[in-house]
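Chains, contacts and geometry: an overview
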Amino acid sequence: DTGVSQNPRHKITKRGQNVTFRCDPISEHNRLYWYRQTLGQGPEFLTYFQNEAQLEKSRLLSDRFSAERPKGSFSTLEIQRTEQGDSAMYLCASSLVGFRHEQFFGPGTRLTVL
Amino acid sequence: KNQVEQSPQSLIILEGKNCTLQCNYTVSPFSNLRWYKQDTGRGPVSLTIMTFSENTKSNGRYTATLDADTKQSSLHITASQLSDSASYICVVSADNNNAGNMLTFGGGTRLMVKP
């Protein structure tokens, strides 16, 4: 257990539905990252927050994706009008500020879009 | 473009045997290299981290090496156990002024240890 928690752990939804995932980082970590991982691949960066500010978004983050970190603590990732191609593991990680600080990963949320 | 390539993609070994996983990278400017272990359905967990000046780092039965000149790293697992079955991901961090997308992930090596 790294101290980063994610809920739910698994989500099955029908195409076109909206889904929301939650990430609770390690409490003193001011950076929070979202990644997507498909089977047999390494994680791909989606977006990250420093405190409550969303500082960077990947091209992978289409208009159907939105992430928030309203109070600089937990974060949510919402996917609207889900598509089958959204099926993946969504990983959250947190760290202290600075590229030398290790990112600690949560257990992930496995999304399956039918 | 920053890239991390890992080989082999998958590996099956017998319990008790040793194995070595490879990682080649083209990430600039280089900051550090980590090996992560990812159990099926779980998030990655860090095993070792090495900076430019370090060429070997051990964590129990795991030993990582780094050759910054050839931009290669290896992860050696000694006396493998069934619990070593997992994906091993090589992750290279770029020294790019605190940008969020600072990590480049390899595709991982899927290791299966059989009794």
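A brief look at the structure comes next.

Rules of the game
Residues numbered from 1 in each chain as written. Chains lettered and ligands numbered in written order. Predicted model: local features only at pLDDT ≥ 70, side-chain atom pairs only at ≥ 80, totals over all residues. Heavy atoms only, no water. Pairing = 2+ DSSP bridges. Helix = DSSP H or I, 4+ residues; strand = E, 2+ residues; numbered from the N terminus. Axes fitted to C-alpha atoms, helices over the stretch in contact; angles between N-to-C directions. 1 Å grid on protein atoms, 1.4 Å probe; cavity = no way out; pocket = protein on both sides within 12 Å on 5 of 7 lines; lining within 4 Å. Points joined across faces, edges and corners; volume = space filled by probe spheres on them. Nonpolar A, V, L, I, M, F, W, Y, C, P; charged D, E, K, R; others polar. Buried < 20%, exposed > 50% of the residue type's maximum accessible area, 1.4 Å probe, protein only. Polar contact = N/O pair within 3.5 Å; in protein donor to acceptor, adjacent residues only side chain to side chain.

Overview of the sheet that holds strand β7 (residues 65–68) of chain A
Within a sheet, adjacent strands bond to each other through the backbone by hydrogen bonds, running parallel or antiparallel. Residues and elements named next belong to chain A. Across the sheet, which stays open at both edges, the four strands sit in the order β1-β3-β8-β7 with antiparallel pairing between neighbours. In the strand order of this sheet, the two ends are held by β1 (5–7) and β7, each with one partner. When the angles between neighbouring strand axes are averaged without regard to direction, this sheet yields 15°. Relative to strand β3 (residues 19–24), β1 runs antiparallel, the two sharing three bridges. Counterpart to Asn7 in the pairing with β3 is Arg22.

Thoughts on the layout of surface pockets
All names here are of chain B. In this structure, the second largest pocket encloses a volume near 520 Å³. For the lining of the second largest pocket, the secondary-structure elements that each account for two or more residues are β1 (3–7) and β9 (86–94). Per-element tally for the lining of the second largest pocket: the top contributor is β1, with three residues. Across the lining of the second largest pocket, the residue classes break down as four nonpolar, 13 polar and five charged.

Some points on the environment of Thr70 of chain B
Residues and elements named next belong to chain B. Its place among the elements puts Thr70 in the loop between β7 (62–67) and β8 (72–77). Relative accessible area serves as the criterion here: at 44%, Thr70 is assigned to the partly exposed category. Between the C-alpha atom of Thr70 and that of Asn24, which follows or precedes it by 46 residues, the distance is 8.3 Å. For Thr70, the side chain forms a polar contact with the side chain of Gln72, separated by 3.4 Å.

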